[in-house]
Amino acid sequence: LEAKLLTGDLTFHLLMNDVRVGDTIDYSYTIERTDPLWGNRFHGEFTTRWSEPVSTSRLRILRRVGTALYVKNHDGAEPTQRVAGDWQQLEWLWRDRPAVVADTDTPPWFERYPSIEFSQFADWRELATAASALFAVSGSPPPELAAQIAVLRAAGTNDAKRALAVVRFVQEDV
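Residues numbered from 1 in each chain as written. Predicted model: local features only at pLDDT ≥ 70, side-chain atom pairs only at ≥ 80, totals over all residues. Heavy atoms only, no water.

Tallying secondary structure elements over the protein gives three helices and six strands in all. Its C-alpha atoms give the protein a radius of gyration of 23 Å, clearly above 16 Å, the size a compact globule of 174 residues would have. Reported as C-alpha extents along the three principal axes, the dimensions of the protein are approximately 65 × 45 × 30 Å. Going through the 174 residues of the protein one by one, you find that 18% of them count as buried. In the protein, of all internal contacts separated by at least 6 residues, the share reaching a separation of at least 24 is 65%. Taken as two groups, the 19 positive and 24 negative side-chain charges of the protein have centres that lie 5 Å from each other. (Helix = DSSP H or I, 4+ residues; strand = E, 2+ residues; numbered from the N terminus. Rg over C-alpha atoms; globule rule 2.2 N^0.38 Å. Buried < 20%, exposed > 50% of the residue type's maximum accessible area, 1.4 Å probe, protein only. Contact = heavy atoms within 4.5 Å. Lys, Arg positive; Asp, Glu negative; His and termini not counted. Charge placed at Lys NZ, Arg CZ, Asp CG, Glu CD.)

Take the sheet that holds strand 5 (residues 87-97) next. Taken together, three strands build an open sheet; the order of strands is 2-5-4 and the sheet is antiparallel. Across the chains shown, the open sheet's two edge strands, defined by having one partner strand only, are strand 2 (54-64) and strand 4 (80-84). Taken pair by pair, the neighbouring strands of this sheet meet at an average axis angle of 20 degrees, ignoring direction. Pairing geometry for strand 2 and strand 5, over 10 bridges, is antiparallel. (Pairing = 2+ DSSP bridges. Axes fitted to C-alpha atoms, helices over the stretch in contact; angles between N-to-C directions.)

All right, on to the side chain of Ser119 then. Positionally, Ser119 belongs in strand 6 (residues 115-119). Residue Ser119 is classed as buried on the basis of its relative accessible area of 14%. Apart from residues no more than four positions distant in its own chain, Ser119 is found in contact with Phe42, His43, Leu69 and Tyr70.

On to the nonpolar core, then. Counting residues in each nonpolar core, the largest one holds 10 residues, listed as Phe42, Phe46, Leu59, Ile61, Leu69, Leu90, Trp92, Trp94, Ile116 and Phe118. Elements with a contribution of two residues or more to this core: strand 2, strand 5 and strand 6. Setting aside chain neighbours within four positions, we find Trp94 in contact with Phe46, Thr48, Ser55, Thr56, Ser57, Arg58, Leu59, Asp75, Ala77 and Ile116. (Core = buried A, V, L, I, M, F, W, Y, C linked by side-chain atoms within 4.5 Å.)

No statement about biological role is implied by the geometric values presented.
The following block contains the structure:
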């Protein structure tokens, strides 16, 4: 709710008493995820360094043997891999990670901290195919919308002119 949007994300706040400079705070958490919307496939990202030094950090992914997993590693560390029965474990373990000194002149979109991205989608095409059902349109648009679409289509002789008409419509009327 930080951005006043309901997204399904949960935020955990903890107020700790008697924490002093130099104290080590130890915590762990588990994320179990299945999402029928994505065919029960998962995706995520794990940051591997932060603006503060970290004593120990660990990422562990369990998946069924034979299940696709695509990893994009911006950290360079390789996981240890183990198989136990039907499960394969990938585990990254870091110790004594120094803080990342962030450059204050970087643009907001720049990824300052190394991370590991993981997904069960092979590429954007596979993701788009899975997501297309979310945007399926059935039936015809209402008459008022159909009329506006016709006006915008007739606004120019090429795609650039029609795109400009759409932008103007959004800026002036939406």
